[in-house]
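Coordinate inspection notes
Given next are the chains, with one letter for each unit.
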Amino acid sequence: MEDFYENQNGQEPNKGSGFTRGIIVGAAGTLVTMVLLIIAVVAVFSAFRSRSEGPGKGERAEVWEGQEPGSENILSADLISQISMIDSYLNLYYLYDADMEKVRTGMLEGMMQSIGDPYADYYDESQLSSFQDSTEGKYVGIGAAVTQELSTGIVRISKPYQGTPSAEAGLLPQDMIVSVGDTPVTGMDLDQVVSLIKGEEGTIVTLHIYRESQDAYLDLEVERRKVEIPTVTSEMLEDHIGYIEVSGFDGVTTEQFISAYEELKSQGMERVIVDLRNNGGGLVDTVEKMLDYLLPEGEIFYVKYKDGTKGEEYSSDAEAALDIPAVVLVNEYTASASEIFAGNIQAFGLGEVVGTTTFGKGVMQQLYYTNEERTAAVKLTVADYYINGDKNINDVGITPDVEVELNEEAAQLPEIPLEQDNQLQKAIEVVKGQ
């Protein structure tokens, strides 16, 4: 989807007024259509709800009844009057024909952009379908993980997966995505950037990137194909140390993780390293099931809502698979569900955390459908989550037991050889010393 927001203010309507980035992004058509549209968006917040957690991730939505709307509504007589006036000006004076679907979508996206929540977003039908596909680990795209720096809005390639179009096209970790096609993406919501990159199978998307290591701007053409990202990879290192890399917490991850862990145990694994570097998070249920499999009886985490009430509580039972020395590898892009995983291994005293301080996302999102057909939705931050008792790590992150930065040269490689990965080498040293 194009980024069609404008930031022009103060112009007279009959002189080509711009649109304000906020609730009113654009309008065309009849007043009745727009008013009913906005009323519908506000009203459905109380009727449709699903749990989700992590940037760009979410669970299958489920109907939830009984939530009362907030005490202050967006709609007011003055706002409706302004919409009416803009509608009139567009119909009377606007020189060009407006794309009605784009205008409606822009209004809804503007509402989400205006609230100041970096994780809030609106999904139209195609975006919602793509979003849901991504939580299953299967989609049409280029096969790369992307991250965004909240302070700058910069979007980067965090991992091009081997054997996928992104790797074949020559994308590297830390490549900064400047634009997708002709659309600049810096500052755009990450889910929207992903939606731009994805597309119909067999089509080509051009990524304009900046590669800091070469101080060069590059245009890379990447074919979109069906990709199934293996969220878990594993191997046995020397000295019977099992290595498990988890790239995301999708619908397929729990089964893949347990299978990898048990296979390594059958091969004589005596120690384990779980690599969560560049893992931006994922589904709440997935990380809960993985920790339940590993941990002894105890609380994993709980959520707290706007009114201060304690919500869902997640805990593990008494059966614990993790009975060997363990290390969790993390970095500044380890976020959300990954931080729940690393923080609990640390808090339960079952292993040490090695790497750099994690991203610091201690909030949870929920997906709210905006129509009865469930073909559109908004994602909102609705709760804090707490691990290790009452510890919230939002904007703080998980502090490693052993801090070590990745070598700059290694950070630019698409696949880091074992001997050049100084963070992994430190993790091996630490786990052998336990």
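Each value, and the rule that gives it
- The written sequence of each chain sets the order in which its residues are numbered from 1.
- Totals for whole chains, interfaces and linings use all residues, but because this is a predicted model, local features are given only for residues with pLDDT of at least 70 and pairs of side-chain atoms are given and counted only at 80 or more.
- Hydrogens and waters are ignored; side-chain quantities use all the structure's heavy atoms.
- Helix numbers and strand numbers start at the N terminus; a helix is a DSSP run of H or I with at least 4 residues, a strand a run of E with at least 2.
- Exposed residues in this analysis have more than 50% of their type's maximum accessible area, buried residues have under 20%, and partly exposed residues fall in between, with area computed by a 1.4 Å probe over protein chains only.
- Any two residues whose heavy atoms approach within 4.5 Å are treated as being in contact.
- Each accessible area value is a Shrake-Rupley result obtained with a 1.4 Å probe; residue values ignore everything except the protein chains displayed when judging cover.
- The rule for pairing is simple: two strands pair if DSSP sees at least two bridges between them.
- Geometry is summarised by axes, namely lines fitted to C-alpha atoms with helices restricted to the contacting stretch, and by angles between N-to-C directions that run from 0 to 180 degrees.
- On a scale of 0 to 100, pLDDT captures the predictor's confidence in every residue.
- Stacked, tilted and edge-to-face pairs are distinguished by plane angle, under 30 degrees for stacked and over 60 for edge-to-face with tilted covering the rest, among Phe, Tyr and Trp rings (Trp via its six-membered ring) whose centres lie within 6.5 Å.

**A few points about the overall build of the protein**
Tallying secondary structure elements over the protein gives eleven helices and 21 strands in all. When the 434 residues of the protein are sorted by exposure, 51% land in the buried category. Of the contacts made within the protein by residues no fewer than 6 positions apart, 69% connect residues no fewer than 24 positions apart. Here the protein displays about 19700 Å² of accessible surface, and carbon together with sulfur accounts for 47% of that area.

**Thoughts on the sheet that holds strand β14 (residues 271-275)**
Strand order in the open sheet formed by six strands is β12-β13-β14-β17-β18-β21, and the pairing between neighbours is mixed. Only two strands of the sheet have a single neighbouring strand rather than two, namely β12 (232-237) and β21 (402-403). Along the sheet, helix α9 (residues 337-347) makes contact with β14, β17 (326-330) and β18 (352-355), crossing β17 at roughly 145 degrees. Here helix α11 (residues 422-432) sits on the sheet and contacts β12, β13 (241-246), β14, β17, β18 and β21; the angle it forms with β17, its principal contact strand, is near 160 degrees.

**Comments concerning the confidence of the model for the protein**
Chain-level statistics for the protein give a pLDDT mean of 82 and a share of 82% at 70 or above. In the model, residues 1-70 has pLDDT below 50 throughout and makes 177 contacts with residues more than four positions away in sequence or in other chains.

**Section: the packing of aromatic side chains**
Each aromatic ring pair is described using two quantities: the centre-to-centre distance and the angle formed by the ring planes. Inspection of the entire model under this criterion finds ten aromatic pairs. Aromatic pair F301 and Y314: ring centres 4.5 Å apart, planes at 15 degrees, arrangement stacked. In this pair, F301 is assigned in strand β15 (residues 298-305) and Y314 in strand β16 (residues 310-316), connecting sequence segments 13 residues apart. Residues F301 and Y314 agree in their burial class; the two are buried.

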